[in-house]
Amino acid sequence: MNQLKNLILLIISVGFLNSCYSFNGSSLTDEKTVQINEFPNNAALVNPTLSQQFSTDMQNRFLQRTTLKGTKQNPDILIEGEITDYSITPTTISSTTQPTSGGGTIQESQNKLTITVKVRYENKLHPELSFEKNFSDEAVFNSSLSQNDIETSQVKLATDRIINKIYNDIVANW
């Protein structure tokens, strides 16, 4: 009988707590539609596929992880911007060496890919949430990677992180 009382008390407590706090985690309450424009690549060094891939990944993130519907006319939320930096710079020379076929050694080095995106977010229903910000991320990689390897793996890594930051600033409002 005592266990039955504890079970009933537990159910009532959980129901009460659930009604007091929502675990939704989204700051988007009234917004129903979103328009995400293409992000042109205005960086000095141009990756020819970056603009389209970044724009598509942004659209997919918002359409798959929120209840927002995509539109081209009078959206509640407008997200647009541009890719302002895409650069690869040397960062370190490691103490690790590789033997060469001629009997010498080569020190391994690392490069850093940096991508910066300027984002303009307009929330027409809650204008106080609108912003214009730069989001940046980087990926450090071995300098022996080919350009194709960099563009398929390192660019994806950096852009996914940038999209996560943008998504969190808009949806989670952190």
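The sections below set out a description of the structure shown in this document. Here the structure is a predicted model, which is why all the values come from computation and not from measurement. (Residues numbered from 1 in each chain as written. Predicted model: local features only at pLDDT ≥ 70, side-chain atom pairs only at ≥ 80, totals over all residues. Heavy atoms only, no water.)

**Considering the overall build of the chain**
Phase 1: Each helix and strand in the chain was counted, giving 3 helices and 5 strands.
Phase 2: Counting across all 174 residues of the chain, residues that qualify as buried make up 33%.
Phase 3: Sequence separation of 24 or more characterises 70% of the internal contacts of the chain that already satisfy a separation of 6 or more.
Phase 4: In the form shown here, the chain has an accessible surface area of approximately 10,900 Å², with 52% of it arising from carbon and sulfur atoms. (Helix = DSSP H or I, 4+ residues; strand = E, 2+ residues; numbered from the N terminus. Buried < 20%, exposed > 50% of the residue type's maximum accessible area, 1.4 Å probe, protein only. Contact = heavy atoms within 4.5 Å. Areas by Shrake-Rupley, 256 points an atom, 1.4 Å probe, with all protein chains shown as cover.)

**Description of the side chain of D169**
Phase 1: The residue D169 is located in helix 3 (residues 147–172) in this model.
Phase 2: Among the polar contacts listed, one links the side chain of D169 to the side chain of K133, at a separation of 2.6 Å. (Polar contact = N/O pair within 3.5 Å; in protein donor to acceptor, adjacent residues only side chain to side chain.)

**Looking at the nonpolar core**
Phase 1: One finds F39, F54, M58, F62, I79 and I115 to be the most contacted residues of the largest nonpolar core, which totals 31 residues.
Phase 2: Counting only elements with at least two residues in this core, the list comes to strand 1 (33–36), helix 2 (50–65), strand 3 (77–99), strand 4 (105–123), strand 5 (131–142) and helix 3.
Phase 3: It is helix 3 that contributes the most residues to this core, 9 residues altogether.
Phase 4: Each residue touching I79, except ones within four places of it in the same chain, is listed here: V34, Q35, I36, N37, F39, M58, F62, V119, R120, Y121 and I170. (Core = buried A, V, L, I, M, F, W, Y, C linked by side-chain atoms within 4.5 Å.)

**Overview of the pairing of strand 1**
Phase 1: Pairing of strand 1 with strand 2 (residues 69–70), which is carried by 2 bridges, proceeds in the parallel orientation. By the bridge assignment, V34 is partnered in strand 2 with G70.
Phase 2: One crossover worth recording links strand 1 to the parallel strand 2 by way of helix 2, and it is right-handed. (Pairing = 2+ DSSP bridges. Right-handed = clockwise from strand over helix to strand, strands pointing away.)

**Re the pattern of salt bridges**
A side chain with one charge can pair with a side chain of the opposite charge if their charged atoms come near.
Phase 1: By the definition in use, this model includes 8 salt bridges.
Phase 2: K112 serves as the salt-bridge partner of E138, at 3.8 Å between the closest nitrogen and oxygen. A residue pair is termed long-range when its members are at least 10 positions apart, and E138 in strand 5 and K112 in strand 4 qualify at 26 residues.
Phase 3: A salt bridge links D169 to K133, with the nearest nitrogen and oxygen atoms 2.6 Å apart. Of this pair, D169 sits in helix 3 while K133 sits in strand 5, and the two are 36 residues apart along the sequence.
Phase 4: Owing to a relative accessible area of 36%, K133 belongs among the partly exposed residues under this scheme.
Phase 5: Each of D57, K156 and D160 takes part in a single network of salt bridges with overlapping partners. (Salt bridge = Lys/Arg side-chain N within 4 Å of Asp/Glu carboxyl O.)

**With respect to helix 2**
Counting along an α-helix, one turn takes 3.6 residues, and residues three or four places apart therefore face a common direction.
Phase 1: Relative to the 22 Å expected for 16 residues at 1.5 Å per residue, helix 2 spans 22 Å between its end C-alpha atoms, a close match to the ideal helical length.
Phase 2: Along helix 2, the positions that sit buried rather than exposed are L50, S51, F54, S55, D57, M58, R61 and F62. Angularly, the buried residues of helix 2 cover 165° about the axis, an arc narrow enough to put them on a single face. Across helix 2 from its buried face, at more than 90 degrees, point the exposed residues Q52 and Q64. (Expected span 1.5 Å × (residues − 1). Arc of directions from axis to C-beta.)

**Structural notes on the environment of T66**
Phase 1: With respect to the secondary-structure elements, T66 resides in the loop between helix 2 and strand 2.
Phase 2: A C-alpha to C-alpha distance of 9.5 Å links T66 and K32, two positions 34 residues apart in sequence.
Phase 3: A polar side-chain atom of T66 sits 2.4 Å from the main-chain carbonyl oxygen of F62.
Phase 4: In this structure the side chain of T66 is engaged in a polar contact, spanning 3.2 Å, whose partner is the backbone nitrogen of L68.

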